[in-house]
Amino acid sequence: MSEDGNTSDEYPHLSRLGLVPPAGVDVAYEELLAEVLLDGAVKTDRTGTGTRSVFARQLRYDLTVGFPRITTKFVAMKAVKGELLWFLRGDMNARWLQERGISIWDEWADAEGELGPIYGAQWRSWPARDGGTIDQIAGLIDTLRRDPDSRRMLVSAWNVGELDRMALAPCHAFFQCYVADGHLSLQVYQRSADLFLGVPFNIASYALLTHMLAQQADLEVGELVWTGGDCHVYNNHVSQVRQQLSRVPAAYPFPRLRLERAESIDAYAMEDIDASAGYQHHPTIKAPVAV
Ligand SMILES: Nc1nc(=O)c2c([nH]1)NC[C@@H]1CN(c3ccc(C(=O)N[C@@H](CCC(=O)O)C(=O)O)cc3)CN21
Ligand SMILES: O=c1ccn([C@H]2C[C@H](O)[C@@H](COP(=O)(O)O)O2)c(=O)[nH]1
């Protein structure tokens, strides 16, 4: 038992590495990194890089405690905010991101910046049979307001008929909302999870989305549940992961989120979002992205 009350059986893989985890924003994520390094199956992958991988794991974050921005490396919140606002715009072109100095989608865009009908397109304008389009986000907010007990509050980016036109098949394929006692929880299913580069982004992004949806529907936030399918560490990220695990997240508390209320889900701007309060973090760790 550590001073913080974590027992070694709660985090068995970190314990095998001789690491006694303090409670906080990083520990569950680090346990998953440790598990993949120690016990992950060796697998080839589409990019030719090679990975170690485990299947079907879950991370849970109580959003009432604070904002889940990983502290054992710097998480670039500007890119997280920009990407989420870009999805919410229904945008399919990387230009809007590039104009804001965000380059995380550049490798997948063509010469004109086009990415095909990825997340934004499916969230805001899923093609309907009658030739029209369906705005899943507007529909979700409407249901959150009118019928929060609904068990049908899902948003899917996994449009099977359009996968071949997307620059990359959706990784966070769909999410579900759940309201109880006035608190909004969200579970996202991520079929493929680049644990070192993608997942800290994805967790922060869906935490932010939960806050926005709650604000728009006059709810409090509840829990973020992240469910991963193929959870992998790329072979060329192993030394970075070892470095990250060697960093003690000390007694870092959860950072906090400031989110200025916007008139609608379409009206949020970069300046309305700030997750820097209480964000004590270790330095950036660079890693190549597998394309
Ligand atoms: N292999 C792979 N992993 C991913 O996480 C990923 C993809 N591909 N393809 C589509 C998007 C793009 N995403 C990315 C791409 C790059 C970074 C990245 O390089 N992050 C750096 C710094 C970024 C910055 O400062 O703007 C990091 O240190 O987190 C993160 C997420 C997430 N997705
Ligand atoms: O938001 C994202 C987007 C992508 N990823 C990762 C997961 C995989 O490493 C690649 C996608 O490759 P596939 O062969 O299509 O699975 O991108 C992520 O972690 N998060």
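- If you check an unreviewed UniProt entry, the chain appears there as Thymidylate synthase from Actinomyces ruminicola.
- If you open the UniProt record of the chain and go to Subunit (unreviewed entry), you find "Homodimer."
- In its Pathway (unreviewed entry) section, the UniProt record describing the chain reads: "Pyrimidine metabolism; dTTP biosynthesis."

## Notes on the site of ligand 1
Part 1 of the reasoning: Near ligand 1, the surroundings consist of 13 residues, among which Trp 108, Leu 168, Asp 194, Gly 198 and Ala 290 are the closest.
Part 2 of the reasoning: Between ligand 1 and the protein, one listed contact pairs a nitrogen atom with a side-chain N or O atom of Asp 194 at 2.7 Å.
Part 3 of the reasoning: A distance of 3.4 Å separates an oxygen atom of ligand 1 from a polar backbone atom of Gly 198.
Part 4 of the reasoning: In the complex, the protein chains occlude 78% of the 640 Å² of accessible area that ligand 1 would expose alone.
Part 5 of the reasoning: Split into classes, the residues belonging to the shell around ligand 1 amount to 11 nonpolar, 1 polar and 1 charged.

## Details of the packing of helix α3 (residues 77-88) against helix α7 (residues 198-216)
Part 1 of the reasoning: Between α3 and α7, the least distance of the axes is 9 Å, while the angle of their chain directions is 55°. The angle between the axes of α3 and α7 places the two elements in the oblique class. Handedness of the crossing formed by α3 with α7: right-handed. Where α3 approaches α7, its residues Met 77, Ala 79, Val 80, Lys 81, Leu 84, Leu 85 and Leu 88 are matched on the opposing element by Phe 201, Ala 204, Ser 205, Leu 208, Leu 209 and Met 212.
Part 2 of the reasoning: Its residues assigned to classes, the contact of α3 with α7 comprises 11 nonpolar, 1 polar and 1 charged.

## Brief notes about the sheet that holds strand β7 (residues 183-194)
Part 1 of the reasoning: Across the sheet, 6 strands lie side by side as β1-β2-β8-β7-β6-β5; this open sheet has mixed pairing. Only two strands of the sheet have a single partner each, and these edge strands are β1 (41-43) and β5 (154-156). Pairwise comparison of adjacent strand axes, ignoring direction, gives a mean angle of 20° for this sheet.
Part 2 of the reasoning: Here β7 runs beside strand β8 (residues 220-234); their pairing, made up of 10 bridges, is parallel. The residue of β8 that forms the bridge with Leu 186 is Leu 224.
Part 3 of the reasoning: Of the strands in this sheet, β1, β2 (51-62) and β8 are in contact with helix α2 (residues 27-39), which crosses β2 at around 165°.

## Regarding the pairing of β2
Part 1 of the reasoning: Both β1 and β2 contribute to a ladder of 3 bridges, which runs antiparallel. Counted as the bridge partner of Lys 43 is Thr 51 from β2.
Part 2 of the reasoning: Note that β2 and β8 share 11 bridges and pair antiparallel. Each residue of the ladder has a partner; that of Asp 62, found in β8, is Glu 223.

## Here we look at the UniProt feature "binding site: (6R)-5,10-methylene-5,6,7,8-tetrahydrofolate" (unreviewed entry) in the chain
Part 1 of the reasoning: Following the UniProt record, the feature "binding site: (6R)-5,10-methylene-5,6,7,8-tetrahydrofolate" (unreviewed entry) maps to Asp 194 and Ala 290 here. Spatially, the listed residues are clustered: although they cover 97 residues, their C-alpha atoms lie within 9.1 Å of one another.
Part 2 of the reasoning: Examined against the element boundaries, Asp 194 turns out to sit in strand β7.
Part 3 of the reasoning: Apart from the residues within four sequence positions on either side, Asp 194 is in contact with Val 199, His 232, Tyr 234 and His 237.
Part 4 of the reasoning: Within the secondary structure, Ala 290 is located in the segment after β10 (273-274).
Part 5 of the reasoning: With residues up to four places along the chain from it excluded, the contact list for Ala 290 reads Thr 47, Thr 49, Trp 108 and Tyr 234.

## Quick word on unusual backbone geometry
Part 1 of the reasoning: We note that Ala 56 has phi near 65°; this positive angle belongs to a residue other than glycine.
Part 2 of the reasoning: Along the chain, Ala 56 falls in strand β2.

About the cut-offs
- Residues numbered from 1 in each chain as written.
- Chains lettered and ligands numbered in written order.
- Predicted model: local features only at pLDDT ≥ 70, side-chain atom pairs only at ≥ 80, totals over all residues.
- Heavy atoms only, no water.
- UniProt positions renumbered as here; feature names shortened; annotations may be inferred.
- Near = heavy atom within 4 Å.
- Polar contact = N/O pair within 3.5 Å; in protein donor to acceptor, adjacent residues only side chain to side chain.
- Areas by Shrake-Rupley, 256 points an atom, 1.4 Å probe, with all protein chains shown as cover.
- Nonpolar A, V, L, I, M, F, W, Y, C, P; charged D, E, K, R; others polar.
- Axes fitted to C-alpha atoms, helices over the stretch in contact; angles between N-to-C directions.
- Helix = DSSP H or I, 4+ residues; strand = E, 2+ residues; numbered from the N terminus.
- Parallel < 35°, antiparallel > 145°, perpendicular 65-115°, else oblique.
- Left-handed = near helix turned anticlockwise from the far one by under 90°.
- Contact = heavy atoms within 4.5 Å.
- Pairing = 2+ DSSP bridges.

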